[in-house]
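Residue-level listing of the chains:
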Amino acid sequence: MIMLIINPRLVLQKHDTFTTGIVYMPFLLAYLSGYLKSKNIEFTILDCFGEAPEQWTEKSYGYTRGLSDNCIADGIHRFRQQSNSKLVVIYAINASYHKDILTIIKITKKSFPEARIIVAENSQAVTAYSIREVKEEFFLAGANELIEGDLEDKVQKIAESTIQKNSLDERDNLKNSQQYNDLEFEKYDWYADWSQFPLENYWKLNYAHGPVTNKKYLPILTSRGCPYPCTFCVIPSTNKRRWRAKDSESVVAEIKYLSDLHGLTEFHIEDVNSTIDDQRTRKICKEIIKQNLKVQWKLVSGTKVESIKDRETIRLAAKAGCTYISISPESGSKRIMKKIKKPFNYRHAVEIIEEMNNQKINSQACFVIGFPGENLQDQMMTWKMVRDITIAGVSEIAVFIISPMPGAEIYESIAHDNNAVYSFSPNWRADYQSLKQFRDILYMTYIALRIYHYPLRSIKHLMNILRGQYESKSEMVVVRGIKNKLRIVQNQLRRPE
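Everything quoted here is computed from the prediction, not taken from an experiment. (Residues numbered from 1 in each chain as written. Predicted model: local features only at pLDDT ≥ 70, side-chain atom pairs only at ≥ 80, totals over all residues. Heavy atoms only, no water.)

Visitor: Can you help me understand the overall build of the chain in this one?
Guide: On a plain count of helices and strands, the chain comes out with 16 helices and 17 strands. Against the 2.2 N^0.38 benchmark of 23 Å for 497 residues, the chain shows a C-alpha radius of gyration of 22 Å, consistent with a compact globule. Considering only C-alpha atoms, the chain reaches an extent of 65 × 60 × 45 Å along its principal axes. A total of 497 residues make up the chain; the buried ones form 62% of that total. The long-range fraction of contacts in the chain, counting pairs at least 24 apart against all pairs at least 6 apart in sequence, stands at 81%. Distance from the positive charge centre (68 side chains) to the negative charge centre (58 side chains) of the chain: 3 Å. (Helix = DSSP H or I, 4+ residues; strand = E, 2+ residues; numbered from the N terminus. Rg over C-alpha atoms; globule rule 2.2 N^0.38 Å. Buried < 20%, exposed > 50% of the residue type's maximum accessible area, 1.4 Å probe, protein only. Contact = heavy atoms within 4.5 Å. Lys, Arg positive; Asp, Glu negative; His and termini not counted. Charge placed at Lys NZ, Arg CZ, Asp CG, Glu CD.)

In structure tokens form, the structure reads like this:
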């Protein structure tokens, strides 16, 4: 084997085990796997979460789910014994996992002192972070290099360098950051490869980032990046405001390939902004309809509603099997939206939500609160928007308290503890409790209006929870949160006195 690729454990914050600990399948590593296989580069995956998702460990920085420290060390030792390579790539999948990623780097260094340890960035998630901004922490833990942006060709070049030299290069001591040109994503001809990942373990959980309706599902990417400059978001930093998309034929070909290979019909599109080109969105829908693919697909990461041009796009999406769309209004305040640098058409959003409601597409609207300078008037405008879109038929809302992710423009704008765990549940903020109370008010407003205006659908939400067939993320949150609480209580009862 030329390299070991490590996906880290999942981390939950102790003060918020309901909304933290979302399961994100490592789809960028699956695309990296597909690419490396197409280049005949040998590698092995150690999925620290996927191998043991029901194994819990209490740490000072939260609860981890996945392999224990000793099991991770054993996996690294096996690679060391079976391979002449010293190359280990550790995936920085999520900002809230940062301290545990540092732990895994230290375990790797201890188990494999001569290893060339590379930290790989997750450039395609708003929950991730710019690894450049915290590079010294990685280097102090034992990392030799970082790779940013698209992983595929960068890992390939490092692997080829390892094959040619089979030893640590002197430049590793410089602790540099690898920077090659990002891929022209629309030209790529490989698919996600999940052969080295324990898919059955993910499916047994019956919850994920997107709502799980069937027993099997897979995340896919149809585009990368986003052209918008939202100041609270890390994506402008990790993607340089570039949006690169596959053509409609390639998207549908991959859906068909993965569907046939794994015997599944449910796909979660994890693009950070998949609908930038409305004509492309329509072409994808028409191609699915043309090929008569019986699949269910969901936009689960929050797309920009203005890029969905009109109701016709929604009708086409519904006909093509779309059952869930997440959008990101962020705030009801025009003043705050101007600070965020994100244009938003209030009336258009309400119309699109109405049409999704008509077409039986479940919808989510995501909001962020606690933006620097936000006041009570701004919050009341957000409350009003929640009221209006709930009446229009939005299936669920999600409210996040802003935490300054390394790489986001506002990273230095909010006073933060450098030792803080990065997440959208930042209990270290001085105003956290007041923001949490406002978040609760927004959720209670949504619940009350949803029950009043859509009583039968509210009952259906409860039935979905009981059946374990979810149409919204919030239904999964309830189940996942209860299971997490029970597991924590069990662990506490087992502790020796």
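Now that the structure has been shown, we can carry on.
Visitor: Please clarify how the state of the cysteines should be interpreted in this entry.
Guide: Put plainly, a disulfide is one covalent bond tying together the sulfur atoms of two cysteines. According to the stated counting rule, one finds zero disulfides in the structure shown. With no disulfide partner, Cys 226 has as its closest neighbouring cysteine sulfur the one in Cys 230, 6.3 Å distant. With a relative accessible area of 10%, Cys 226 lands in the buried category. Here Cys 285 is not disulfide-linked; the sulfur of Cys 322 is the nearest cysteine sulfur, at 7.3 Å. (Disulfide = S-S within 2.5 Å.)

Visitor: Quick question: what am I supposed to make of the sheet that holds strand S4 (residues 56–59) here?
Guide: Two orientations exist for strands paired in a sheet by backbone hydrogen bonds: parallel and antiparallel. Strand order in the open sheet formed by three strands is S2-S5-S4, with antiparallel pairing between adjacent strands. Either end of the sheet is taken by a strand with one partner, and the two such strands are strand S2 (10–12) and S4. Neighbour to neighbour, the strand axes of the sheet diverge by 25° on average, direction disregarded. Taken together, the four bridges between S4 and strand S5 (residues 62–65) define a ladder with antiparallel strand orientation. Looking across to S5, one finds that Trp 56 is bridged to Arg 65. (Pairing = 2+ DSSP bridges. Axes fitted to C-alpha atoms, helices over the stretch in contact; angles between N-to-C directions.)

Visitor: What is the right way to read helix H10 (residues 311–319) from this model?
Guide: Residues lying three or four places apart along an α-helix face the same way, a consequence of the helix completing one turn every 3.6 residues. All buried positions along H10 are accounted for by Thr 313, Ile 314, Leu 316 and Ala 317. All buried residues of H10 project into a common sector of 160° when viewed along the axis, lining one side. Those residues of H10 that are buried are in contact with helix H9 (278–290), strand S14 (296–303), strand S15 (322–330) and helix H12 (346–358). Where H10 ends, the next residue or the one after it, Gly 321, has phi of about 105°, a positive value. (Arc of directions from axis to C-beta.)

Visitor: What is the right way to look at the nonpolar core in this model?
Guide: What tends to happen in soluble globular proteins is that the nonpolar side chains get buried as a cluster. Counting 134 residues, the largest nonpolar core has Met 3, Ile 105, Phe 138 and Trp 297 as the members making the most contacts within it. At eight residues, helix H1 (residues 27–38) tops the list of elements feeding residues into this core. If you look at the next biggest cluster of nonpolar residues, it comprises 15 residues, including Cys 226, Cys 230, Met 337 and Ile 414. (Core = buried A, V, L, I, M, F, W, Y, C linked by side-chain atoms within 4.5 Å.)

Visitor: What is the right way to read the sheet that holds strand S10 (residues 218–220) from this model?
Guide: Strand order across the open sheet formed by six strands is S10-S13-S14-S15-S16-S17, with parallel pairing between neighbours. Each end of this open sheet is capped by a strand with a single partner; those strands are S10 and strand S17 (396–401). For this sheet the average axis-to-axis angle between neighbouring strands, irrespective of direction, equals 20°. Sheet topology note: the S14/S15 ladder contains four bridges and is parallel. By the bridge assignment, Trp 297 is partnered in S15 with Cys 322. In the packing of helix H8 (residues 248–262) onto the sheet, the strands contacted are S10 and strand S13 (266–269), and the crossing angle to S10 comes to about 160°.

Visitor: Explain a nonpolar patch on the surface here, please?
Guide: Side chains of Phe 18, Val 478, Ile 482 and Leu 486 sit close together on the surface and give an oily, nonpolar patch of about 320 Å² of accessible area. Within the secondary structure, Ile 482 sits in helix H16 (residues 473–494). (Patch = residues over 30% accessible without salt bridge, like charges linked within 9 Å, V, L, I, M, F, W, Y side chains within 5 Å. Areas by Shrake-Rupley, 256 points an atom, 1.4 Å probe, with all protein chains shown as cover. Salt bridge = Lys/Arg side-chain N within 4 Å of Asp/Glu carboxyl O.)

Visitor: Would you take a moment to explain the pattern of salt bridges for this structure?
Guide: Oppositely charged side chains may form a pair once their charged atoms are brought near each other. Per the counting criterion, the structure on display carries 31 salt bridges. Between Glu 306 and Lys 304 there is a salt bridge, and its shortest N-O distance comes to 2.8 Å. Just as Glu 306 is buried, Lys 304 falls in that class too. One connected set of salt bridges, linked through shared partners, spans Arg 311, Glu 312, Arg 315, Glu 354 and Glu 355.

Visitor: What's the story with the packing of helix H14 (residues 432–453) against helix H15 (residues 455–467) in this structure? I'm lost.
Guide: Helix packing for two helices is described by the angle between their axes and how far apart those axes are. It is the contact of H14 with H15, at a shortest axis distance of 5 Å, that shows an interaxial angle of 115°. Contact residues: Tyr 446, Arg 450, Ile 451, Tyr 452 and His 453 in H14; Pro 455, Arg 457, Ser 458 and His 461 in H15. Residue composition of the contact of H14 with H15, grouped by class: four nonpolar, three polar and two charged. (Nonpolar A, V, L, I, M, F, W, Y, C, P; charged D, E, K, R; others polar.)

Visitor: Whenever I open this one, unusual backbone geometry confuses me. Can you help?
Guide: In terms of backbone geometry, most residues other than glycine have negative phi values and most peptide bonds are trans. Of note, the phi angle at Arg 241 is positive, near 60°, even though the residue is not glycine. With respect to the element layout, Arg 241 can be found in the loop between helix H7 (235–239) and strand S12 (243–245).

Visitor: How should the environment of Gly 481 be read in this particular structure?
Guide: Looking at the element boundaries, Gly 481 is found in helix H16. In this structure, the C-alpha to C-alpha distance between Gly 481 and Glu 374, residues 107 residues apart in sequence, is 30 Å. Not counting the four nearest positions on each side in its chain, Gly 481 is found in contact with Thr 17 and Phe 18.

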